Each structure stands twice: as structure tokens, then as C-alpha cells.
Amino acid sequence: MLRAKGISVRSSVGARITDSSGSPVSVARLDTRRSYAGIGELLQDYINTSDEGAWQQIRDKIDYTYESLDPALAALQEETGFGNEIESRVATGRKLLVKPNLVTIYAIDPQMHGPGMGSTACTEWAFVAALMRWLHDRLDISYHQMCLGEAATTMPAASGLFTLLNPDGRPVTPEAAIEGRVGDFYGGWGFYFARKYLAETHDPSHTDDPMLGYQESVAGTCIPPGDAPNRLMVYDLNSTGDDLSREREVEVPDGANFRSIALHKAVVGGDPNDPEDVKAYPGCVLVNVPKLKVHQLTLLTAAMKNVGIGLCPMQAAEKGEDMHRWKYSTPYNAVPGLKAGLPHARWLAEVDEATGVPRRNSSGSCIMTRTHGLAATMADVVKAVASQDVFILHVVDGIDTINRDHTGSIPGTREPEGLVFAGLDPVATDLLCARYMFSNVPMDEAQQAGIDDGNGGPFPQKVPVPAVEDGNIVTGAGYDCPLARDPFFRYAEKRGLGTRAYHVVGHDAVSDRPLASLEGRLGTVDGGTFSELVTGTMYFDVFKVPWDLQRTSLAYLEAVDQLAGSSLKQEFLEAFDEDGDGAISYEEFGKNGLVSPILALMGVRISMEGRTRLGHHHGSFTLNATLLKLSNPAWNADGHDMLRYFYFGPACLAAYTMSQLGIEGQDPFLSGLTWGQGKWPSFKLASYMQLGNSIYGAGFPLGVSFPSMYGHCLRYADMTQNSAEYTGNLLFEPDPGGVQRYMTDVASGAAKPLDFTLYVPAGYGSLSGNRVPNVEETGAPAKVFTVTFAGGSEVW
């Protein structure tokens, strides 16, 4: 096959030589429509109606993905010989362990069986099926020499909720949640269907049936890899606390946040001093298959994140302590919800793990701890795994790249980039991914912008830049560079995780051309011409808009300050710019530990979801209500305001959203200011809208929509008091018209109000001038953002 590295080409910046030094990163470009697009809906048809035509379409899509991967992975094999290394290690008894990225494991909705709320958060099961088939067919590795393992955050909660939902009463184990099927119950990820595809495309003369191991998943039976020579097992890599024989403490070479890490032996192998343990747990060859996404606290999710956080077990217990005193996760109960015990920021506040509320010392100050931050946590785990002689192949699923949210809770938006990145060097692989995602301009324009990305190349992102013009805040255009604010790639290289220098090999199945890189940029080569592949998307995470869209956010705050006489930009920089350089890096989240309550509360939400059938509503309300309380001393009895400046971000996002609307409106808080059709509102109006959206959803100020705090309260009351007549019985898909029917019926007297009361700040008790049923305004700090049900017998 034609290779295009190290050759002379014409480009938009003149004659150049394509890259040939540094680590090789293989890239495949696929037609997203022919790959896994639409498989979620096809699978729903197959599950609900046994539509064999839908299943055949699924098979065709996986076939196309499998065939398109081949030339790209073959190019990496030619460069590195990775297949020979894998084969030789597997021949010694090590399992080839495929590790997907299943952050929110609800890819298959447990009730409707269509794409669930986590469908955008997960590596696609269909992609894993295609990859496993390639490893089987091209490297001659039997399916029984493979296994699949994951330590996803939501696995304990998903197992608990699915067990509550399963009509036949059988427990749905975490392994079964990965499978996506237990008898007639469907919900979870979908590995069962990957097995089914592999079985149907399997040479009938082979005996390595990929369906063997499924029953062990359903039963939750953990057979050590060395004792499972004739099965394709699924391993719950979270579960070490209930059986310490599955866990091994691994030292971290030159550890920063950790001197050692407890990891599942399916990954790192057994105790080297115990031959029987090594026989049962011979170690693995790790195939790391992350989903390419934005992220809430770091620049992106890719290879290093999926190992550095993704392999830490949720249920590793502190020895000699309460069995639910988890090392890395909270809350401390049978269903932990988040790996909040891992340092995710440099400054951490001590919080009550059950409520997320910060603890204070005798002088009234929050109790703070200084760490080396999230970068160090990820590097520590990657180094710990590598120190155990674990060979890792990284294959990044960016066929649909996820924008706006990586957790599946919003959900994020699918961007059909059609890309797969593969390499042995995680630093090089991730840097190429980041440069593609966060530079939406071609090379010639990038050079003119003159912004270095901190890694030796110009990779700017074109962004909206608001500025004052004729008394309004008007959208202009400019350049930013999130990469320049992320020191992780330099840090990872310094820690010995890899190198930032790379060159691309691979194949574009869309144009049938070889892929290459030119000065770090991805493109195709044809007839001596290099044609760049440039994303048309502006990537950012809604959780951290001022970090990702920093020039946009600071320009907006500066424009508001100019018109309103405020000092918002200065206040925001003082809160987060720890080194005073005028920029806020991805390591700077302030010295007050604001990340700690956020993570703890997210854990509380997920844990509640897994412990009671309607815990999703209680947990989601508690998360949003408590975060809001901690942003304003007038909204909590203890006077906390640690999240005050964090909420500048949602306000900036609300302002940007309002500027994009096709209507115009007058700003009530700043005389003469107009918003909409490219013009931005005042900060007060943006903050008002942001809070209203939290309470009532995106329909505010005209109506109520889901998800929202009011929506969760109404749904809970409707389901517990009214047989779900208004909002329906589907946990994650409420009837969108139910709220309006309820409000109309109550207003007309056709129905009595349900028995709940939501307390909100002054000014938020009405929509379009009409009082909202079940809402009371209050100025009491302890009462605001709480809700009572059934005459006050239940309080959130």
C-alpha cells in the first residue's frame, strides 16, 4: 500500500516534506454513515421487534468498520511490528484485554432499548466488535485468548438500578450491564451483541466460540484469566474490595500523587512472588479503546485518560477499615458513584462525602490539601501499569467525536469526524487527537494567526470574540488556543510516558488515499498534493467554558465591565489565575478547592441512581441544588460561596447561547443593550437566565422543560403520588408535554396540585407572569433550593 511519510508535497503553505520522525500514529478515516451511525436505533428495532433486517444492517456497518480499519492498522504494524509483540506475549498465556471507555454505561436504554442517556459517553460496542474481529483475523489471536474489562464510574450504580428494573427479579451484575442483556432484560452497553456479531462472522471450523463467557457475566462469576482458557470473559475491574485476591498494590515509579496504586490483577498480573497467583493472573496485553471526547476537567478524553483514571477501581476498600471505605471513590456506601478520591485538581477541600458540603476547621476556614493535580494522577496510573511490563495498544474511537459533554448526562453532541487514531505512544496519539479537535482552521490561516500551541506548532481555534460596538456587545471573530494552556503533554513527556513528536501513517477510506501529517497536521496525499483534514466544529465542554473558550469568555466579561462599570474579568482572573500570567491553565481551578464538592456531589447523584428506582430524580436534584447553594452565601446556612466564580462559566455559556438566537430582545438590566442576532446580553441577564434554566430547564422563561430541578420534583411526585399520569413511567424519557398539561390542569382547577413544594429565590416563582404551581419564593438560606413532599414527610 502507498505510504506518504517523508515525501515532498505541495501544500497551502508551499512545498514541504511530510513528517517522518517521532512516534508513528496510524489514522483511519471512515464514512460515518456507513460505520456505526444509526446502530442504536437499528438495535432498538431488533430487540423490540426481532427485525432481522435491522440486524443485517448492523452487521453490514460493522463489516465496513472492520474492513476500513485494516489498512490503517496494517500501516502501524509495518511501522512498529506491534502485532508480533502482541502475539508473542499472548503465546506465553497473557490475555489480550480490551478496555473500552464506558463512563455512563446506559448506552442501551433499560426500558425503551434505544440509545440511552450514556450513548454519547461510551466507546461504541460495534466499534469494539470490529476491532476484536481484526485482532482475531489478522493477528490469529483466538477469542478465548481475549477478555474485556472496565472500571467505569457508573457500573455499580447501573447494576443496582437495572436489578431494580429487571421484571424477573434476577440481579443484573456489573458484568451483565456491560453485556447489555440478562434474559429478556436489555440495558447497559451491548457487548452481548458484539459477541453475537463475532460468532456470526466466525470461521465455523474454529472452536473459540465468542459466546462462551456470557453466562459467567450474567452470574457475576469471576474466573481468573489463567483459569479461563476456553472463554471470552468480561471483568469488572472495579470490584476488588469484596475479594482482595483480585487486587494488587503496584508501586508508582517516581510517583507524584501516589506512591502505589491498587489495581485489578486481570490488568497487572498476580504477585510475582507467588507462582500460583501468577498462574491464575498471568497479566495482560492491554488494548486501550477510549472514546474521543471533550472533558469536564481536562482538555480531552483520549488514551491517557482512559488508562490514567479509567483503570482505577471504584470498589477498592481501605484494609482494616469499614468495607465501604473506598480508596478512590465516594460516597462510602455499597454503591459508590464517582472516583472523587483521586486528586482531580491541585487544591482539594475536605468535604462531607455524603453531602458534598465542605468541612471547616476550628477557625472557620475550609480544610485544604495541596496535590500535584489531575495530570499527576493520570501519569501515576499510566506509569504504574507500564511498570508491570504491560504492553499497550491505544485505539481511539473518534468516528463520532463527542462535543459539549463527555458524561452523557446533558447529553453531548455527536460530531461525525470519521476518525480512528492508533498508536503505541499515548502522548503522541493524544496530542494528534487534541490538535485535530481544537484547531478548526487550515495551516495557512493558522500560521498567520501566530499562536503556538505550547508543543511547537500553530494550532489555533477560531472562536467568537464579543466586543463593545455602538453600545452593544457584538460578536466578532478571533483565535484562541486551548492547547497552549494545557501543560499535560509536556508533563507526560517529562514523566516518560511518551514523546510529543509524531508522524502519521494510515488510510482514508472515503477518498481512498494515504494519510500523512505535515508539521503535525493531518491530511491526505494525492498526486503530490497534501490536502488537510480540518474539523468544522468548535469543541468545548459546557462545564468549563472559560477554560476551553477562554478568549471568548474573558472578552465577554471585559465588554460587560466596559458598559456596566463592573470588574468581572479582574475578579474571575483573581479567583483562578494562580500564577498571575493573565491566562487560566487546565491546572488552575482556584485555591479554594471548588472541584471537591462538585465531584462529591456527582458521586452522590450517581450513587442515589443505583440504590432506589427513582434515585435518578432525587440525585439529580440534590446535585444541582447543592452546587447552587454553595455559590451564594445567601443560599446556604453556613455562608459558603466557594462556587461563586465557577458559575461565571454557565453565565458565559448562557450569554453566548442568547447571542446566537435569531430573535432580539431588550436587556432589562442594562439600559439600551440589545441581545440576540449576534449581540450579547448583560452579565446580570445571562446569570438570571442561567439560574432560571437550572430551575426550569431550557424552556425558561416561557415554560418548563426536562431536565430541570422543577422537572425532577414534578416527575418524582407524579410517579409516587399520581401513577405517572402526566410524565410517564420511562425514567430517562419523560413525556415532554406532561409538564404543560399539569400546569394547565392545575390553573384551570381540573386537577389538584400534587403534594410537593419547591423553594426558590425571589423572582423565580413565575413564568411569563404566571405563578408556577408547587413553587414558593423564599429568602431563607437554609430553605432555598430544597423541596418537600407529602406534607413535609420527605425533604430533599
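Everything numeric here is computed off the predicted structure, so don't read it as measured data. (Residues numbered from 1 in each chain as written. Predicted model: local features only at pLDDT ≥ 70, side-chain atom pairs only at ≥ 80, totals over all residues. Heavy atoms only, no water.)

Observations concerning the overall build of the protein
If you tally the helices and strands in the protein, you get 24 helices and 33 strands. Seen through its C-alpha atoms, the protein measures out along the principal axes to roughly 70 × 65 × 60 Å. Out of the 796 residues in the protein, the part that is buried amounts to 63%. When contacts within the protein are restricted to residue pairs at least 6 apart in sequence, long-range pairs at least 24 apart make up 65% of them. Looking at the protein as shown, the accessible area adds up to about 27700 Å², and 49% of this sits on carbon and sulfur atoms. (Helix = DSSP H or I, 4+ residues; strand = E, 2+ residues; numbered from the N terminus. Buried < 20%, exposed > 50% of the residue type's maximum accessible area, 1.4 Å probe, protein only. Contact = heavy atoms within 4.5 Å. Areas by Shrake-Rupley, 256 points an atom, 1.4 Å probe, with all protein chains shown as cover.)

What to know about the sheet that holds strand β19 (residues 461–469)
Strands sit in the order β19-β20-β27 across an open sheet of three strands; the sheet is antiparallel. The open sheet has two edge strands with one neighbour each: β19 and β27 (679–680). One ladder, built from two bridges, connects strand β20 (residues 472–480) with β27; its direction is antiparallel. Across the sheet, residue Val 474 finds its bridge partner in β27, namely Lys 679. (Pairing = 2+ DSSP bridges.)

Re the packing of aromatic side chains
This model, assessed by the stated rule, comprises 39 aromatic pairs. Seen from their ring centres, Tyr 645 and Phe 648 are 5.2 Å apart, and the 65 degrees between their planes marks the pair as edge-to-face. Looking at Phe 648, the relative accessible area reads 6%, which means it is buried. Taken together, the aromatic side chains of Phe 621, Phe 669, Tyr 688, Tyr 696, Phe 700, Tyr 710, Tyr 716, Phe 756, Tyr 764, Phe 789 and Trp 796 make up a single cluster linked through ring pairs. The ring centre of Tyr 66 lies 3.9 Å from the NZ or CZ of Arg 133, which sits over that ring. Above the ring of Trp 55, the side-chain terminus of Lys 196 is found at 5.0 Å from the ring centroid. (Phe/Tyr/Trp six-rings, centres within 6.5 Å; stacked < 30°, edge-to-face > 60°. Lys NZ or Arg CZ within 6 Å of the ring centre and 35° of its normal.)

Some details on the side chain of Gln 296
Locating Gln 296 in the fold gives a position in the loop between β12 (291–294) and β13 (300–301). On the accessibility criterion, Gln 296 (11% relative accessible area) is buried. If we skip the residues at most four places from it in the chain, Gln 296 touches Asp 405, His 406, Thr 407, Asp 541, Phe 543, Lys 544 and Met 602.

Looking at a negative patch on the surface
There is a patch of like negative charges on the surface, built from Glu 41, Asp 45, Asp 51 and Glu 52. The topology assignment puts Glu 41 in helix α1 (residues 39–49). (Patch = residues over 30% accessible without salt bridge, like charges linked within 9 Å, V, L, I, M, F, W, Y side chains within 5 Å. Salt bridge = Lys/Arg side-chain N within 4 Å of Asp/Glu carboxyl O. Lys, Arg positive; Asp, Glu negative; His and termini not counted. Charge placed at Lys NZ, Arg CZ, Asp CG, Glu CD.)

Here we look at the sheet that holds strand β32 (residues 787–789)
Across the sheet, four strands lie side by side as β31-β28-β32-β33; this open sheet has mixed pairing. Only two strands of the sheet have a single neighbouring strand rather than two, namely β31 (775–777) and β33 (794–795). In this sheet, β33 lies alongside β32 in antiparallel orientation, the contact comprising two bridges. By the bridge assignment for β33, Thr 788 is matched with Val 795.

Quick notes on the nonpolar core
Among the nonpolar cores identified, the biggest contains 245 residues, and Trp 125, Trp 189 and Tyr 710 are the most heavily contacted of them. Per-element tally for this core: the top contributor is helix α4 (residues 125–139), with eleven residues. Ranked by size, the runner-up nonpolar core spans eight residues in total, among them Ala 516, Leu 518, Val 525 and Phe 530. (Core = buried A, V, L, I, M, F, W, Y, C linked by side-chain atoms within 4.5 Å.)

A short note on unusual backbone geometry
Keep in mind that most residues, glycine aside, have a negative phi and that most peptide bonds are trans. Thr 330 connects to Pro 331 through a cis peptide bond whose omega is -5 degrees. Residues Phe 700 and Pro 701 are joined by a peptide bond in cis, for which omega reads 10 degrees. Summarising the element assignment, Pro 701 is placed in the loop between α22 (683–696) and α23 (709–721). The backbone of Asn 774 sits at a positive phi, close to 70 degrees, despite the residue not being glycine. The backbone of Phe 785 sits at a positive phi, close to 60 degrees, despite the residue not being glycine. A relative accessible area of 2% places Phe 785 in the buried class.

Some details on the environment of Gly 22
Relative to the helices and strands, Gly 22 is located in the loop between β2 (16–17) and β3 (23–29). It is 33 Å that separates the C-alpha atoms of Gly 22 and Pro 313, two residues lying 291 residues apart in sequence. Excluding residues that lie within four positions of it along the chain, Gly 22 makes contacts with Ala 501, Tyr 502 and His 503.

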